[in-house]
Amino acid sequence: MTLKPILTLAVVTSVALATGCSAPQPTLSADTIYTGGDIITVNDAQPAVEALAVKDGQVLAVGARGEIERDYKGQTTAVVDLAGKTLLPAFLDPHSHYINALTVANQVNVFAPPAGPGRDVEAIVAN
């Protein structure tokens, strides 16, 4: 009996075990994955999902928990369990008075603290 086939088999088996026993790392790892609650997307085609992956403040993907974790969970990814709570998209105030802010932008701020520096005449003149 020769050692060469046994040695070859041992090397091939070692390589197969080393590469086959570890899960492949995703090509783009999320910073955070949210799961474990109702995740509302406000997308009529997919109104709710099981998981949401985020990278650098941007949504990478939404979908089934298993798929999101398989495709986007890296070694440093934080997984947030919503514990049954609901995650909603950001809401922006549609009724702001931004135009008013523009009209007063060039006016002198003489408000009293904490809104302004006007605690006394000297403070107002200094500003």
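Parameters and conventions
Residues numbered from 1 in each chain as written. Predicted model: local features only at pLDDT ≥ 70, side-chain atom pairs only at ≥ 80, totals over all residues. Heavy atoms only, no water. Helix = DSSP H or I, 4+ residues; strand = E, 2+ residues; numbered from the N terminus. Buried < 20%, exposed > 50% of the residue type's maximum accessible area, 1.4 Å probe, protein only. Contact = heavy atoms within 4.5 Å. Areas by Shrake-Rupley, 256 points an atom, 1.4 Å probe, with all protein chains shown as cover. Salt bridge = Lys/Arg side-chain N within 4 Å of Asp/Glu carboxyl O. Polar contact = N/O pair within 3.5 Å; in protein donor to acceptor, adjacent residues only side chain to side chain.

Engineer: Would you take a moment to explain the overall build of the protein chain for this structure?
Structural biologist: When helices and strands are tallied, the protein chain shows 4 helices and 5 strands. Counting all 127 residues of the protein chain, 17% fall into the buried class. A separation of at least 24 residues holds for 49% of the contacts in the protein chain among residues at least 6 apart in sequence. When the accessible area of the protein chain is evaluated, it comes to approximately 9,900 Å², of which 61% is carbon and sulfur surface.

Engineer: Help me understand the pattern of salt bridges, please; the structure alone is not making it clear to me.
Structural biologist: Between side chains of opposite charge, pairing is possible as soon as their charged atoms come close. By the definition in use, this model includes 3 salt bridges. The shortest N-O distance in the salt bridge between glutamate 69 and arginine 65 comes to 3.2 Å. Of this pair, glutamate 69 and arginine 65 both sit in helix α2 (residues 65–72), 4 residues apart, which is roughly one turn of the helix. Aspartate 71 is the salt-bridge partner of arginine 70, the closest N and O atoms lying 2.9 Å from each other. We classify arginine 70 as exposed; its relative accessible area is 56%. Taking relative accessible area as the criterion, aspartate 71 reaches 33% and is therefore assigned partly exposed.

Engineer: Looking at this structure, I do not really get the environment of aspartate 81. What am I missing?
Structural biologist: Structurally, the position occupied by aspartate 81 is in strand β4 (residues 78–81). Residues aspartate 81 and glycine 36, 45 residues apart in the sequence, show an inter-C-alpha distance of 5.1 Å. If we skip the residues at most four places from it in the chain, aspartate 81 touches Thr35 and Gly36. Engagement of the side chain of aspartate 81 in a polar contact is seen with the backbone nitrogen of alanine 83, the distance being 2.9 Å.

Engineer: Please explain the side chain of threonine 77 as it appears in this structure.
Structural biologist: Structurally, threonine 77 is set in the loop between α2 and β4. A distance of 2.6 Å separates a polar atom in the side chain of threonine 77 from the backbone oxygen of alanine 30. Of note is the side chain of threonine 77, whose polar atom sits 2.8 Å from the backbone nitrogen of glycine 74. Contacts of threonine 77, omitting those with residues within four sequence positions, involve Ser29, Ala30, Asp31, Thr32, Ile33 and Tyr72.

Engineer: Would you mind going over unusual backbone geometry with me for this structure?
Structural biologist: A cis amide bond links proline 113 with the next residue in sequence, proline 114, at an omega value of 10°. Looking at where proline 114 falls in the secondary structure, it is placed in the loop between α3 (98–103) and α4 (121–126). For valine 42, which is not glycine, the phi torsion reads 60° and is therefore positive. Among the secondary structure elements, valine 42 is positioned in the loop between β1 (32–40) and β2 (48–55). Relative accessible area serves as the criterion here: at 66%, valine 42 is assigned to the exposed category. Although it is not a glycine, alanine 83 sits at a positive phi angle of roughly 50°. Mapped onto the fold, alanine 83 is located in the loop between β4 and β5 (86–87). For alanine 83, a relative accessible area of 59% gives the class exposed.

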